[in-house]
Amino acid sequence: MNSPIYSSLTLSSGISVKNRLVKAAMEENMATSQQLPSTELIRLYSQWAAGGVGMLITGNVMVDHLAMTGPGGVALEADTDLSAFRTWAQAAKHGDTKVIMQINHPGRQVFKNMGGKVFSPSDIPLDMGKHSHMFPKPTPMSQDDIQDVINRFTITAQRAQQAGFDGVEIHAAHGYLLSQFLSPLTNKRDDRWGGSIENRTRILIEIVKQIKANVEQGFIISIKLNSADFQRGGFDIDDAEQVVKMLAPYNLDFIEVSGGSYEAPAMQGRSADERTLAREAYFLTFASQIAKSATMPIMVTGGVKRLAVAEQALAENIQLVGMGTALAMRPDLPNKWQTQPDYVAPLPVVNWKDKTLSGLATMSVVKQQLKRLGKGKAPNTSPSALCCLIKDQLNKAKLTKRYRKQHQHELS
Ligand SMILES: Cc1cc2nc3c(=O)[nH]c(=O)nc-3n(C[C@H](O)[C@H](O)[C@H](O)COP(=O)(O)O)c2cc1C
């Protein structure tokens, strides 16, 4: 197969990725009750590594077990036992696949029934219409809170390296804490962490600097960044370009371009902006605009299901192509395309009237496939969205109960 997609790429850390296809981060909800990687989670990554992808990015791993995006998530902190993380990294590295850990703090995007710390640069609550009650109003962060978060990202990155991961991806997209700092809609601070784009980017740059200073050479450091948050008055493409310019001196391995948040889930292809909807790869127009002036490789993720579209991205100055859903439905897609380049991955489509519920249902279909792969089963390519949604909600309720019980003495 002589597609440029199957050419290798050497990143600034010196690590070489065997092809340009990357499994994008997907929160798996498969942690043990101690928020450690489970046997099923590890098996899932073996399956992906066997499928021929160049690099795997883990689902978001929390830097604080008391600030979780969901109840079945993995957390990696200063005193976490590394054994299961070592097995996870090893399984994912099979066949010269590279594996990097996505590290994240949810900020205000924490479900009310989880409990724990819910903070943000300012006290702006999520506006999810009739679903807003599911999220508490966040507490504005103190200087100590900000310093604590910087330290936590650094420690999690160090420990990921100790466990054998090839690098980290700092999650600064999708409305989570670092994206809350970047957006003028959620960051109303008048100190050095808010106001100008330089100030709003400061926490992200501090995290990059600290991680660089504390990990050994030969470790991938990358960022997932929104091209825009797709809300009036929010973080936009000009902001994104400025952030990428500010990051130039730090020699990052790559920046992954995405978009949206819980309030405006553009990463699911749900956006009022024609520039995203018009394309099969939602953020390609934005990503190639950013790539024109970027000094580091750019990766684009969102909506890719055909090899021709992945090749189109490379033709537009993009170096890496991320896929989430397509690789959940078809974990061997990179191998499959080698023999059947016209193959189209079957992406689930849910078009209910309630957009929030449609989004949740689509996610639950994908999550069902992750679970099946973790059990060693093949994905179900035409599942009932309603069934998946109900099962996912029941599972979430069970995991939330387990999480609250496990951490009852620490949760507020
Ligand atoms: C079930 C599920 C979980 C996800 N979890 C994460 C996550 O932990 N971190 C992240 O950056 N993006 C996450 N995403 C978003 C994906 O990385 C990706 O940006 C988005 O799904 C669009 O790409 P796709 O169309 O190839 O799936 C998730 C998506 C799905 C479907």
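If you look the chain up in an unreviewed UniProt entry, it shows as 2,4-dienoyl-CoA reductase from Thalassotalea euphylliae.

Novice: Explain the site of the ligand to me, please; I cannot follow it from the model alone.
Specialist: Close to the ligand lie 20 residues; A25, E27, Q102, G303 and T325 are nearest. Within the backbone of E27, one N or O atom sits 2.8 Å away from a nitrogen atom of the ligand. Alone, the ligand offers 610 Å² of accessible surface; in the complex the protein occludes 93% of this. Among the elements that line the shell around the ligand, the one with the most residues is helix α12 (residues 355-374), at three residues. Residues of the shell around the ligand, tallied by class, amount to seven nonpolar, 10 polar and three charged.

Novice: When you look at the pairing of strand β11 (residues 254-258) in this model, what are you seeing that I'm missing?
Specialist: The two faces of the sheet receive side chains in turn, since in a regular strand these alternate between them. Where burial is concerned, most of β11 is hidden: five out of the five residues are buried. Here β11 shows two buried faces, one formed by F254, E256 and S258 and the other by I255 and V257. Relative to β11, strand β10 (residues 220-226) runs parallel, the two being bridged by five bridges. Paired with N226 across the bridge in β11 is S258. Considered for its hand, the β-α-β crossover made up of β10, helix α6 (residues 237-247) and β11 is right-handed.

Novice: I would appreciate a short explanation of α12 in the present structure.
Specialist: Residues three or four positions apart in an α-helix share a direction because the helix packs 3.6 residues into each turn. For α12, with 20 residues, the first-to-last C-alpha span of 29 Å sits near the 28 Å given by 1.5 Å per residue. A distance of 2.9 Å separates the backbone nitrogen of T356 from a side-chain oxygen at the start of α12, and that oxygen is part of D354. The positive-phi residue at the C-terminal boundary of α12 is G376, with phi of around 85 degrees.

Novice: Quick question: what am I supposed to make of the nonpolar core here?
Specialist: The tendency in soluble globular proteins is for nonpolar side chains to be buried as a group. F85, I170 and L247 are the most contacted members of the largest nonpolar core, which totals 102 residues. In terms of residues, this core owes the most to one element, helix α5 (residues 197-214), which gives seven residues. Excluding anything up to four places from it in sequence, I170 contacts I103, F153, L178, L204, I207, V208, I211, I221, S222, I223 and K224. If you look at the next biggest cluster of nonpolar residues, it comprises 15 residues, including L66, M114, Y262 and Y403.

Novice: Teacher, can you tell me more about the environment of Q47 here?
Specialist: By secondary structure assignment, the location of Q47 is in helix α1 (residues 39-50). In sequence terms Q47 and D332 are 285 residues apart; their C-alpha atoms lie 8.0 Å from each other. Setting aside residues no more than four positions away along its own chain, Q47 makes contact with L373, G376 and K377.

Novice: When you look at a positive patch on the surface in this model, what are you seeing that I'm missing?
Specialist: Residues K371, K375, K377, K391 and K398 make up a contiguous surface patch of positive charge. Turning to its location among the elements, K371 is positioned in helix α12.

Novice: Quick question: what am I supposed to make of unusual backbone geometry here?
Specialist: Excluding glycine, most residues fall at negative phi; most peptide bonds, likewise, are trans. Within the chain, N29 stands out as a residue other than glycine whose phi angle is a positive 60 degrees. Here N29 is to be found in the loop between β3 (21-23) and α1. One non-glycine residue, Q35, adopts positive backbone phi at about 60 degrees. Examined against the element boundaries, Q35 turns out to sit in the loop between β3 and α1.

Novice: Any chance you could explain the pattern of salt bridges here in plain terms?
Specialist: Close approach of charged atoms allows side chains with opposite charge to pair. Under the defined criterion, the tally for this structure stands at 14 salt bridges. Where K209 meets E206, a salt bridge forms, and the shortest distance between an N and an O atom there is 3.6 Å. Of the two residues, K209 and E206 are both situated in helix α5; the distance of three residues between them amounts to about one turn of the helix. Take K209: its relative accessible area is 37%, and that puts it in the partly exposed class. Residue E206 is classed as partly exposed on the basis of its relative accessible area of 23%.

Novice: What's the story with the side chain of H174 in this structure? I'm lost.
Specialist: Examined against the element boundaries, H174 turns out to sit in the loop between β9 (167-172) and α4 (177-182). Given a relative accessible area of 10%, H174 falls into the buried group. Excluding residues that lie within four positions of it along the chain, H174 makes contacts with Q109, S179, K224, N226, S258, G259, G260, S261, Y262 and M267.

Novice: So what exactly am I meant to see when it comes to the environment of S8 here?
Specialist: In this fold, S8 is placed in the segment before β1 (9-10). What makes S8 partly exposed here is its relative accessible area of 44%. In sequence terms S8 and G54 are 46 residues apart; their C-alpha atoms lie 8.4 Å from each other. Not counting the four nearest positions on each side in its chain, S8 is found in contact with S16, V17, K18, N19 and R20.

Novice: Help me understand α6 in this model?
Specialist: Taken residue by residue, α6 has I237, D239, A240, E241, V243, V244 and L247 as its buried positions. Those residues of α6 that are buried lie in contact with α4, α5, β10, β11 and α8 (284-293). Its side-chain oxygen 3.2 Å from the backbone nitrogen of D238, D236 forms the N-cap of α6.

Novice: Help me out: how do you make sense of the packing of aromatic side chains in this one?
Specialist: For any two aromatic rings, the description comes down to two numbers: the centre-to-centre distance and the angle of the planes. Using the criterion set out here, one finds 11 aromatic pairs in the structure. Geometrically, the ring pair formed by Y45 and W88 is edge-to-face, given 5.5 Å between the ring centres and 85 degrees between the ring planes. Taken together, the residues Y45 in helix α1 and W88 in helix α2 (residues 83-92) connect sequence positions 43 residues apart. Both residues of the pair, Y45 and W88, count as buried. With a centroid separation of 5.6 Å and 80 degrees between ring planes, the pair formed by Y176 and Y262 is classed as edge-to-face. Placement of the pair is Y176 in the loop between β9 and α4 and Y262 in the loop between β11 and α7 (274-277), with a sequence separation of 86 residues. The class for Y176 is buried, based on a relative accessible area of 8%. Through a chain of ring-to-ring contacts, three or more aromatic side chains come together here, namely Y45, W48, F85, W88 and F165. Positioned over the ring face of Y343 is K336, at 5.0 Å from the centre of the ring. Here the basic side chain of K396 rests over the ring of F111, its NZ or CZ set 3.5 Å away from the ring centre.

Cut-offs and rules
Residues numbered from 1 in each chain as written. Predicted model: local features only at pLDDT ≥ 70, side-chain atom pairs only at ≥ 80, totals over all residues. Heavy atoms only, no water. Near = heavy atom within 4 Å. Polar contact = N/O pair within 3.5 Å; in protein donor to acceptor, adjacent residues only side chain to side chain. Areas by Shrake-Rupley, 256 points an atom, 1.4 Å probe, with all protein chains shown as cover. Helix = DSSP H or I, 4+ residues; strand = E, 2+ residues; numbered from the N terminus. Nonpolar A, V, L, I, M, F, W, Y, C, P; charged D, E, K, R; others polar. Buried < 20%, exposed > 50% of the residue type's maximum accessible area, 1.4 Å probe, protein only. Pairing = 2+ DSSP bridges. Right-handed = clockwise from strand over helix to strand, strands pointing away. Expected span 1.5 Å × (residues − 1). Core = buried A, V, L, I, M, F, W, Y, C linked by side-chain atoms within 4.5 Å. Contact = heavy atoms within 4.5 Å. Patch = residues over 30% accessible without salt bridge, like charges linked within 9 Å, V, L, I, M, F, W, Y side chains within 5 Å. Salt bridge = Lys/Arg side-chain N within 4 Å of Asp/Glu carboxyl O. Lys, Arg positive; Asp, Glu negative; His and termini not counted. Charge placed at Lys NZ, Arg CZ, Asp CG, Glu CD. Phe/Tyr/Trp six-rings, centres within 6.5 Å; stacked < 30°, edge-to-face > 60°. Lys NZ or Arg CZ within 6 Å of the ring centre and 35° of its normal.

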